[in-house]
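# An overview of the molecular structure
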Amino acid sequence: MSSALASQQELFDIPDDVTYLNCAYMAPQLKAVTAAGVEAVGRKTLPWTITAADFFAPVEEIRGLVAALIGGDADGVALAPSAAYGITL
């Protein structure tokens, strides 16, 4: 079995002639992340269609998925906007 990681280049918008190695400073964004961001900003053009459930339901889903991944339960998973904020809490 090969331990080499297959190329993931197609997941990013990096030109073929660019070799970007400064991910410690700022990593390139996945195309899927860019699409999700554009969709989220687009939703804000119709703010009256956004409900409280739209804020909490995705977070609860993520907490459940993380809990399943680590063999815990969702009540033991907290999400924070950044590592620094989480450490401060």
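Report follows, based on the coordinates.

Once that is clear, we can look at the overall build of the chain. When helices and strands are tallied, the chain shows 3 helices and 0 strands. Counted from the first residue to the last, the chain has its helices and strands arranged as α-α-α. Against the globule reference of 12 Å for 89 residues, the chain gives a C-alpha radius of gyration of 18 Å, more extended than a compact globule. Summarising its shape, the C-alpha atoms of the chain cover approximately 45 × 40 × 30 Å along the three principal directions. Considering the chain as a whole, with its 89 residues, one finds that 3% of them fall into the buried category. Surface accessibility of the chain: about 7,800 Å² in total, with carbon and sulfur atoms responsible for 65%. A distance of 8 Å separates the average location of the 4 positive side-chain charges in the chain from that of its 10 negative side-chain charges.

Attention now goes to a nonpolar patch on the surface. On the surface, V59, I62, V66, L69, I70 and L79 cluster together to form a nonpolar patch covering roughly 540 Å² of accessible area. Along the chain, I62 turns up in helix α2 (residues 52-70). On the basis of relative accessibility, which here comes to 40%, the residue I62 falls in the partly exposed class.

Turning our eyes to something else, we now look at the pattern of salt bridges. A complete count under the given rule lists 3 salt bridges for this structure. For the salt bridge of D75 with R63, the shortest nitrogen-to-oxygen distance reads 3.8 Å. Taken together, the residues span a long stretch of sequence, with D75 in the loop between α2 and α3 (83-88) and R63 in helix α2 at a distance of 12 residues. Here D75 falls in the exposed class, since its relative accessible area comes to 72%. A single network of salt bridges, built from pairs that share partners, joins E60, R63 and D75.

An ideal rise of 1.5 Å per residue puts 27 Å on 19 residues; α2 measures up with 28 Å between its terminal C-alpha atoms. Two residues or fewer past α2, G71 is found with a positive phi of approximately 75°.

Turning our eyes to something else, we now look at the layout of surface pockets. By volume, the largest pocket is sized at about 210 Å³. Lining the largest pocket are A36, E39, A40, R43, K44, I50, D54 and F55. Residue composition of the lining of the largest pocket, by class: 4 nonpolar, no polar and 4 charged.

About the cut-offs
Residues numbered from 1 in each chain as written. Predicted model: local features only at pLDDT ≥ 70, side-chain atom pairs only at ≥ 80, totals over all residues. Heavy atoms only, no water. Helix = DSSP H or I, 4+ residues; strand = E, 2+ residues; numbered from the N terminus. Rg over C-alpha atoms; globule rule 2.2 N^0.38 Å. Buried < 20%, exposed > 50% of the residue type's maximum accessible area, 1.4 Å probe, protein only. Areas by Shrake-Rupley, 256 points an atom, 1.4 Å probe, with all protein chains shown as cover. Lys, Arg positive; Asp, Glu negative; His and termini not counted. Charge placed at Lys NZ, Arg CZ, Asp CG, Glu CD. Patch = residues over 30% accessible without salt bridge, like charges linked within 9 Å, V, L, I, M, F, W, Y side chains within 5 Å. Salt bridge = Lys/Arg side-chain N within 4 Å of Asp/Glu carboxyl O. Expected span 1.5 Å × (residues − 1). 1 Å grid on protein atoms, 1.4 Å probe; cavity = no way out; pocket = protein on both sides within 12 Å on 5 of 7 lines; lining within 4 Å. Points joined across faces, edges and corners; volume = space filled by probe spheres on them. Nonpolar A, V, L, I, M, F, W, Y, C, P; charged D, E, K, R; others polar.

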